[in-house]
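# Survey of secondary and tertiary structure
Here are the chains, one letter per residue:
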Amino acid sequence: GGAMYLAKGEDIIKDCIYEGNQAVKDGGAICTEENGKVPLTIENTTFKNNKANTGGALRQSAGKLIATDCTFENNQSTSTGGSIVLNKNTEAVIKGTDKAKAVFKNNTGSSGGAVYLYQAQLSVDGYTFEGNTAKSNGGAIYQDKGASNVTASNTTFKGNTANKSGGAIYKTGNLLNVESCLFEE
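Overview of the structure. Values in this document were obtained by computation on a predicted structure and should not be read as measured data.

Using the criterion set out here, one finds five salt bridges in the structure. A salt bridge links glutamate 33 to arginine 59, with the nearest nitrogen and oxygen atoms 2.2 Å apart. Taken together, the positions of glutamate 33 in strand 4 (residues 30-33) and arginine 59 in strand 8 (residues 58-60) put the pair 26 residues apart, joining distant regions of the chain. On the basis of relative accessible area, arginine 59 is assigned to the buried category, the value being 6%. Salt-bridge contacts for glutamate 91 lead to lysine 64; the nearest nitrogen and oxygen are separated by 3.7 Å. Of this pair, glutamate 91 sits in strand 13 (residues 90-95) while lysine 64 sits in strand 9 (residues 63-68), and the two are 27 residues apart along the sequence.

Take the packing of aromatic side chains next. A full pass over the atoms with the stated rule returns nine aromatic pairs. With 4.8 Å between their ring centres and 35 degrees between their planes, tyrosine 142 and tyrosine 170 make a pair best called tilted. With a gap of 28 residues between them, tyrosine 142 in strand 20 (residues 141-143) and tyrosine 170 in strand 24 (residues 169-171) connect regions that are remote in the sequence. Taking the centre distance of 4.7 Å and the plane angle of 5 degrees together, the rings of phenylalanine 157 and phenylalanine 183 count as stacked. Highlighted residues: phenylalanine 157 in strand 22 (residues 156-158) and phenylalanine 183 in strand 26 (residues 182-184), separated in sequence by 26 residues. Judged by its relative accessible area of 1%, phenylalanine 157 is buried. Owing to a relative accessible area of 43%, phenylalanine 183 belongs among the partly exposed residues under this scheme.

The next subject is the pairing of strand 4. On strand 4, burial covers both faces: Ile30 and Thr32 on one face and Cys31 and Glu33 on the other are all buried. Where strand 1 (residues 4-7) and strand 4 come together, four bridges link them in parallel fashion. In the strand pairing of strand 4, tyrosine 5 is matched with cysteine 31.

Conventions and cut-offs
Residues numbered from 1 in each chain as written. Predicted model: local features only at pLDDT ≥ 70, side-chain atom pairs only at ≥ 80, totals over all residues. Heavy atoms only, no water. Salt bridge = Lys/Arg side-chain N within 4 Å of Asp/Glu carboxyl O. Helix = DSSP H or I, 4+ residues; strand = E, 2+ residues; numbered from the N terminus. Buried < 20%, exposed > 50% of the residue type's maximum accessible area, 1.4 Å probe, protein only. Phe/Tyr/Trp six-rings, centres within 6.5 Å; stacked < 30°, edge-to-face > 60°. Pairing = 2+ DSSP bridges.

Laid out in structure tokens, this is it:
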């Protein structure tokens, strides 16, 4: 993690700004390892202009991520997850209650312009994914094979692009459940 590396234990991050951080490998701003069932809770925090190989802003490996009203803008990865990578055995709940803050905007990655998940669970509610770009597949979300599950509700996907397939969502995983979402150009 360019700014923070978190291993084992509960972590709470509120009202912070992570801007311009870089990591050669994982998590431009934050990288987590082996958190088990203990959550990483992030509230009302902005991730902007962060860069990494995987997870331009955040790479979560195992454990639980709870993110509420966070902004992910102009983050970049050279590989997977322009903003977030959720690896094996990770459960992520990303919830927006303030539409002005709850956004993934103009993030770029090879696979998953905003979010990439591999054998992980993602529930996103009340967010906007806008202008995210994947050089390969999944302009906003790339759901990789295996036991990956994605639930998206009350979420807007606007102007996301992929050079190959899935301008908004690319799915090869287990379950995709989309409810009350808006997809627009």
